[in-house]
Structure formats: structure tokens, C-alpha cells
Amino acid sequence: MPLPKRPANEIYSPILKRKRSSSPNSGSDAPGKSLLKVFIIDAKLDAEVVEDLRHLIDNFGTAAGTQLQLCPSAEDAQIVITDIHMQKRIERHVNWDTAKQKAIVTPQWLRDSFESKQLLPCGEYAALRELYEETIQNCPEDSQISASNDQDFPPKAIPSSRKGAGICYNHHYSCMRYSPLICPNQKLVEKLAILRRHREVEGLDIQALGYERAISVPFPRVITTNDFHEVSELPHIGRKILSKIQDFIQHGDIPECRTILNETRYQSLVLFNTVYGIGPSTARALYSSGLRTIKDLERHYGVTSRTNDSNDNASLEHLDRSTKTGLPDLSIKVGLELREELIMRIPRSEVEEIRDVVMNELAHIRSGCVSTITGGYRRGKIESNDIDIVISHKDLKPGDDQVKGLCAELIRCLYDKRLLTHVMYLSSFREHNTLRTTHWDSLQKALTVFILPDSGKGQKRIHRRLDLIFALPEVYHTAIVGWTGSTMFERDLRLWAKEKKGMKFDSSGISRRHDSKLYFPKSEEEVFELLDLEFIEPALRNADL
Ligand code: ATP
Ligand code: MG
Ligand code: MN
């Protein structure tokens, strides 16, 4: 079947790509699309149901282009989803005056609207008899929803003045493709992700990477049997993966996925991987020694899980102390003890709050520091697994451990204020080989566990993973590019630089391979320019699952 011709710079939704968390308002910058904010009242809903509802929100899209966004508070939402049907009980979660201004519906409204690809009238789904009228009145219609007023969120998609000439959806390198968070082939990708995960936990890295690459390749529409020829010509889709896709299109499933999901071994390995510090090989070793559950791990490592009392880091002080830093180490033991908190995803507002607290403390140590929140947050994810912040100061100089010193000072100060509970320094700032002699100390990374101070509003604070990256001013922008991700995008940036441009790129610098000439880009755009790449907005670097 001949391929339909498309302009190289057309924006394609990555069809083979899955979103890990709620997608941002990609609608606000796409004409004709709009965004509707939804708040879920968890009470009375099973965790699994909540997970399903979130999933529906993530993947919601009406024919008129309306998308949904999970919203952390009822105040800011237009729709509130709940299984509570009594005024008294709902008032525990939403102020009654606020409730009157919302459409308050049962979960079924979301399921049915999702199924029918339209915003259904809310009346018949009203959760509260008392607010039946208001729910009808406040029920949004596709054409009425206004775009988010959040000014810098989501990050701008593709600026019209910068449409990348070389960029196309089937380019070999993901740093030459636009990869937004939205993904039309969600179900297929989730199946492929199971195969990828399986290969990954089993240590079959090459196969896992194969799936990861396939998943990252965008496709312009939902794949049907008519598309096989076109799909077979996409980069990174080999015979094996194509046959899995064929299975899925024909039978709605990939048989191997079902087998994998039923394996105790797979279940345990994946579970062990949710502990910070336990990678696939440790997980396999633990499994081989007969361990199967988190309880088994707790016995093995001699810890008990903490579900409350989390604002007090004193109780953690008995844990391993790093001999290097004198501060509690971020070890497997800690990962296990804090597992239930660390696996909780972090909303954007908390990411920003944490950045503000950190930068405020840093300002007391040294005024004039600059910072950028990178990672998934910068790519527009609604919820992140951790917080990544790149920090610099214009006066930092190489050579006498200034970067390291500032980082250590901040860590000590945050620890003394009980904001930071654990830390692990990564010494891999020497990663940039060609820079070793002159620039070996350009970056300092500290992987930490952070907890916000009590807000005084009875809000439970939980431990969060926080990565702090201190950079010399001349590598600030490379560090930002290097820590924005996604991981596949970064992998391809490195490969592109090496294979096509004879350059070396990583977070700590850019250099020319044949003579080790160093480059110090003054902006993120310049990083791309130096690598002879079209600039791609962070929101379009979501080349991972
Ligand atoms: P999330 O945190 O929500 O899982 P993320 O994309 O922010 O998503 P991270 O693991 O925080 O994932 O990594 C952010 C980016 O920082 C990665 O894409 C990677 O490019 C870079 N990165 C992470 N760890 C390191 C490291 N040790 N050295 C260099 N770069 C790293
Ligand atoms: Mg991150
Ligand atoms: Mn991180």
C-alpha cells in the first residue's frame, strides 16, 4: 500500500507512545482543542478504580478535541467525580459553596463519556440530589470549555517560526522527531511496554532497548491492518515487533503479555524494582534467594515500613550513615523503608514548592544562584516520579571544588533544617572523558530524599526523591538539556552527536572528538545548534514510555 505523503514538519502524535501520567493541556495550543479540569474525590473509591479513572482521564479525547486534565483541588476543577451521595459527607472534601459551582458526577459519567468520545450531559450522572440543578447548569459542553489560563504550562508545543526542516516522525533518531505526551495507540503501547519491562527485569537489555525504541516511534494514527506496510517501514520496527503488533491488531491482545503477567517471577521482579536502589540484577538475585514479596524484602533488610510519622526524620537516623558525608545514606534499606511514599507521584505544584524551598535556602548561602526544574516536569508531565533541579551561579569557577562545595553546603543546611533526610553523591561528574583534565569538576550531582515542612494545614507531607545538579555556568545549558530527558531522547542526542557530528555530548559538556575542543553554549538553543539539530521544545522530547 503506498504511503500517504506528509510534510516532513507536520506534528505527529506519537501513537506508539504511552503517557506515564496525566497529559498536560496539549489542547491549549492546538486550534480547536480545549481542556477540562477534573478532580476525583478518592473517598469511597477503591485504589484500583481511582487508577482506572485516572487512566481514562489520561487518554480522554472527544471528537471535538476536548481533553481532560487531572486537577489536584476541587476549587480549580470544572468537574468533580465522586461516589459520595450525601451532602454531609461531600462537605468533608469540598466546601459546599464551591461544590455548587461544579458539575458533581459519578465515575460512570467519565466511563460513558470516554466510551462515546463526547462530554455527556451531566444531569443523569449527578452524584448529589441536592446539586442536581447546579450539576446540569455547570456541566461543560465541548464548545464552551476555555483553555487553561496557566501561562507557562503546558510548555509551548511547536512554535510556528521554528518548524524543523529535518524533523520527521519516522526519523531514525528521536532527537529529530517531535514526541509529545499524547498517544493514540495507548493500548498497543502498554502491551509492548509489558514485553519491554519483562526483557528489562530479566536483564535482556538489548531486547528491552529494541522495544523501547519501537515504543518511541510515533505513528500518525491508530494502526489498523491497512497500515502494516507503513508500520513495517518505520525505523526500529523489526519482524518480531511487527508480528506482535499484528497480533494486537487482529486479536486485541498479545498472547505473550498474558503469560508474562501471570508469572510469579515477573510479578516479584517488577515489585522489587519499585524499591529505590533495587535494579533488575539485584531484584533477580533477591528472587533467586527465595524472596517473593515486599514483606520478604523487609525481613531480609531488617526494616519495617513507615506509613505514618513521616515528617520526622529523626526516626531515620538509625539508618546507614555514609562514612563520606556523615549524613544518612540513600540506600536500599532507606528505599524500602520509604517505598510507599517514594512510589507516590508528585504533582507539579509540589515540585514547584520544593524548588522554592530549596532555592530560598540556597539564597541564604549564596545569593544570585539560578535554577531550572528539569526532568519530566519540564517536559510537561502532570505528575513526576522525582524532582530534578539544575543549579548554577555566574561566579562559580572550575578548579577548586567550588561546585562541589556549594552543593555540600546546601545539602548540610537542608539536612540541618530537617528538609532533607538522605543523600547520595554521584561522583560521575568525571563522565566527560575528553574534558577530564580541564573540566572534570563541572558538575556535582546529589541524589536526595526531601520532605516539605509541615504546612500547618493538617496536610500530610511525604518523602520525595530530589535530584540536585550543580553546574559551572559554562555547562549550565548542557546540564539542562542533559537532565530534561526523556532518557531515549538523551540517548539519541549522544548517538547523533557521536555518529553524525563527530561530537561528544553529555550533561557536563560538549566537545569535538578529534581535537577535544570544548564548546560552552550560552543557551539551550545553542546546544541544539552546536549539534546541528533543529531546536525541539521540552514538551516534544517525550520519546519514552
Ligand atoms: P520521572 O522523574 O517522572 O520518572 P524523568 O524523565 O524526570 O521522569 P529522571 O530519572 O528523573 O526521569 O531523569 C531525568 C533525566 O535526567 C533523564 O531523562 C536523564 O536524561 C537524566 N538523568 C537521570 N539520571 C541521570 C544521571 N545519573 N546522570 C546523567 N543524567 C541523568
Ligand atoms: Mg525526574
Ligand atoms: Mn531524577
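The chain is annotated in an unreviewed UniProt entry as BRCT domain-containing protein of Rhodocollybia butyracea. Per UniProt, the chain has the following entry under Cofactor (unreviewed entry): "Mg(2+)".

Caption draft 1: Representation of the coordination of the magnesium ion (ligand 2) within the structure. Of the protein atoms, only Asp386 (OD) and Asp388 (OD) coordinate the magnesium ion (ligand 2), at distances of 1.9 to 2.1 Å. Between the magnesium ion (ligand 2) and the manganese ion (ligand 3), both coordinated by Asp386, there is a metal-metal distance of 3.5 Å. As far as the burial class goes, Asp386 and Asp388 line up, both buried.

Caption draft 2: Up close: helix α6 (residues 186-201). Look at α6: 22 Å from first C-alpha to last across 16 residues, which is about the 22 Å you get at 1.5 Å a residue. If you check which residues of α6 are buried, you get Gln186, Leu188, Val189, Leu192, Ala193, Ile194, Leu195, Arg196, Arg197, His198, Arg199 and Val201. Contacts made by the buried residues of α6 are with α1 (47-58), α7 (205-216), α9 (239-251), α10 (255-262), α11 (264-272) and α12 (280-288). Immediately beyond the C-terminal end of α6, within one or two residues, lies Gly203, with a positive phi of roughly 80 degrees.

Caption draft 3: Representation of the sheet that holds strand β8 (residues 387-392). Reading across the sheet, the 5 strands line up as β6-β8-β11-β10-β9 and stay open at both edges, with mixed pairing between neighbours. Strand pairing shows two members of the sheet lacking a second neighbour, β6 (370-373) and β9 (420-426), which therefore form its edges. Averaged over all adjacent pairs, the angle separating strand axes in this sheet is 25 degrees, with direction ignored. Where β9 meets strand β10 (residues 443-450), 6 bridges bridge the pair, whose relative direction is antiparallel. Bridge pairing links Leu426 to Lys445 in β10. Sitting on the sheet, helix α20 (residues 476-484) touches β6, β8, β10 and β11 (464-471), and the angle it makes with β8 is about 170 degrees.

Caption draft 4: Structural detail: the pattern of salt bridges. This model, assessed by the stated rule, comprises 30 salt bridges. Residue Arg345 pairs with Glu383 through a salt bridge whose shortest N-O separation is 3.4 Å. Here Glu383 lies in strand β7 (residues 383-384) and Arg345 lies in the loop between α15 (339-342) and β5 (346-347), a separation of 38 residues in the sequence. Of the residues examined, Glu383 reaches a relative accessible area of 11% and is grouped as buried.

Parameters at a glance
- Residues numbered from 1 in each chain as written.
- Chains lettered and ligands numbered in written order.
- Predicted model: local features only at pLDDT ≥ 70, side-chain atom pairs only at ≥ 80, totals over all residues.
- Heavy atoms only, no water.
- UniProt positions renumbered as here; feature names shortened; annotations may be inferred.
- Donors = N, O, S within 2.8 Å, 3.2 Å for Na, K, Ca; no water.
- Buried < 20%, exposed > 50% of the residue type's maximum accessible area, 1.4 Å probe, protein only.
- Helix = DSSP H or I, 4+ residues; strand = E, 2+ residues; numbered from the N terminus.
- Expected span 1.5 Å × (residues − 1).
- Contact = heavy atoms within 4.5 Å.
- Pairing = 2+ DSSP bridges.
- Axes fitted to C-alpha atoms, helices over the stretch in contact; angles between N-to-C directions.
- Salt bridge = Lys/Arg side-chain N within 4 Å of Asp/Glu carboxyl O.

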